[in-house]
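Here is how the chains run, residue by residue.
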Amino acid sequence: MEQDTPQRIGVFGGTFDPIHFGHLAIALEVRHQLELDRMLLVVANDPWQKTVFNSVTPAGFRFEMVEAAVSAVNETVGATVLEASDQEIRRGGETYTADTLAALGSESVGAELFVVVGSDIAASLDTWERPEEVQRLATTVVAERGGNAGGRPPQGWEHVVVEVPALEISSTDIRNRFRNGRPVQALVPPGVIDYVMSNGLYGSAR
Ligand code: ATP
């Protein structure tokens, strides 16, 4: 039986291919500034807007990397501040945030949901599946990097802006770095680097 239903839940979805310190900075900062009870890093099963153009690493690998990163943070803090969610992977198929929010809403009745996006994708929120449902089910949070006015949601889309430390890190750059043997230690948590190397992801080799 569920006790003490948490009231404010952050939903930070991503491909996380792989997760990096930019993602963790957003998740921690938004959780702190909005005083959330839970912050979920939700790993997309099939990020269809990306897989149209490129393939992504199988979801199981991406999820385990998020788990490794999140556990290291929680261990350092000494509390569960971040959680890895495999909800979208278990549901399978193309990933729609509207479905994720609906499922969370029925699991945690009465909870207030916050869907977190980087300012680089905020302007494209209308291209998501059932955008009106996303707006109805959650408050949109735009994570803005270091006060640089970035993209905003389309007109009429209610949102709050949270300023996060500017870390110019992208998963695309990190995949290239692994492939080319360039340094990643300041960009990716150590547990994730170990995981990438031991599974030979991104063309890395020990
Ligand atoms: P890729 O380079 O493969 O496109 P990515 O680094 O943008 O990946 P995603 O997993 O696609 O990572 O991003 C998930 C979310 O994190 C998105 O909302 C994106 O805007 C945001 N994000 C990613 N990197 C950063 C960063 N360095 N600072 C702020 N937001 C970021």
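Another aspect to go through is the sheet that holds strand β6 (residues 159-164). Spatially, six strands are ordered β3-β2-β1-β4-β5-β6 in an open sheet, and the strand pairing comes out parallel. In this open sheet, the two strands that pair with only one neighbour each are β3 (83-85) and β6. Going across the sheet, the axis of each strand differs from the next one's by a mean of 30°, ignoring polarity. Here strand β4 (residues 112-118) pairs with strand β5 (residues 139-145) via five bridges, running parallel. Each residue of the ladder has a partner; that of phenylalanine 114, found in β5, is threonine 139. Contacting β1 (8-14), β2 (38-43), β4, β5 and β6, helix α1 (residues 21-33) crosses the sheet at an angle of about 120° to β6. Sitting on the sheet, helix α5 (residues 97-107) touches β1, β2 and β4, and the angle it makes with β4 is about 155°.

Once that is clear, we can look at the site of the ligand. Every one of the 21 residues lining the ligand counts as a neighbour, but Lys50, Asp120, Arg145, Leu167 and Thr172 are closest to it. At 3.0 Å, a backbone N or O of threonine 15 approaches an oxygen atom of the ligand. Between serine 171 and the ligand, the recorded distance is 2.8 Å, taken from a backbone N or O atom to an oxygen atom. Contact with the protein chains hides 89% of the accessible area of the ligand, taken as 600 Å² for the molecule alone. Among the detected pockets, the ligand sits in the largest pocket. Every element with two or more residues in the shell around the ligand is listed here: β1, α1, β4, α6 (119-122) and α8 (171-180). Broken down by class, the residue content of the shell around the ligand amounts to seven nonpolar, ten polar and four charged.

Once that is clear, we can look at the layout of surface pockets. Counted as a void, the largest pocket has a volume near 1,200 Å³. Along its surface, the largest pocket is lined by 47 residues, and Gly13, Gly14, Thr15, Lys50 and Ile121 are the ones closest to its centre. When contributions to the lining of the largest pocket are tallied by element, the ones reaching two or more residues are β1, α1, α2 (48-51), α5, β4, α6, β5 and α8. A class-by-class count of the residues in the lining of the largest pocket yields 22 nonpolar, 18 polar and seven charged.

With that settled, the discussion passes to the pairing of β4. Taken across its seven residues, β4 has six buried, putting it largely inside the fold. Bridging between β1 and β4 involves five bridges; their strand directions are parallel. Within the sheet, the bridge partner assigned to valine 11 lies in β4 and is valine 115.

What counts and what doesn't
- Residues numbered from 1 in each chain as written.
- Predicted model: local features only at pLDDT ≥ 70, side-chain atom pairs only at ≥ 80, totals over all residues.
- Heavy atoms only, no water.
- Pairing = 2+ DSSP bridges.
- Helix = DSSP H or I, 4+ residues; strand = E, 2+ residues; numbered from the N terminus.
- Axes fitted to C-alpha atoms, helices over the stretch in contact; angles between N-to-C directions.
- Contact = heavy atoms within 4.5 Å.
- Near = heavy atom within 4 Å.
- Polar contact = N/O pair within 3.5 Å; in protein donor to acceptor, adjacent residues only side chain to side chain.
- Areas by Shrake-Rupley, 256 points an atom, 1.4 Å probe, with all protein chains shown as cover.
- 1 Å grid on protein atoms, 1.4 Å probe; cavity = no way out; pocket = protein on both sides within 12 Å on 5 of 7 lines; lining within 4 Å.
- Sits in = over half its atoms within 2 Å of the grid points.
- Nonpolar A, V, L, I, M, F, W, Y, C, P; charged D, E, K, R; others polar.
- Points joined across faces, edges and corners; volume = space filled by probe spheres on them.
- Buried < 20%, exposed > 50% of the residue type's maximum accessible area, 1.4 Å probe, protein only.

Function-wise, these values are silent; they only describe arrangement.
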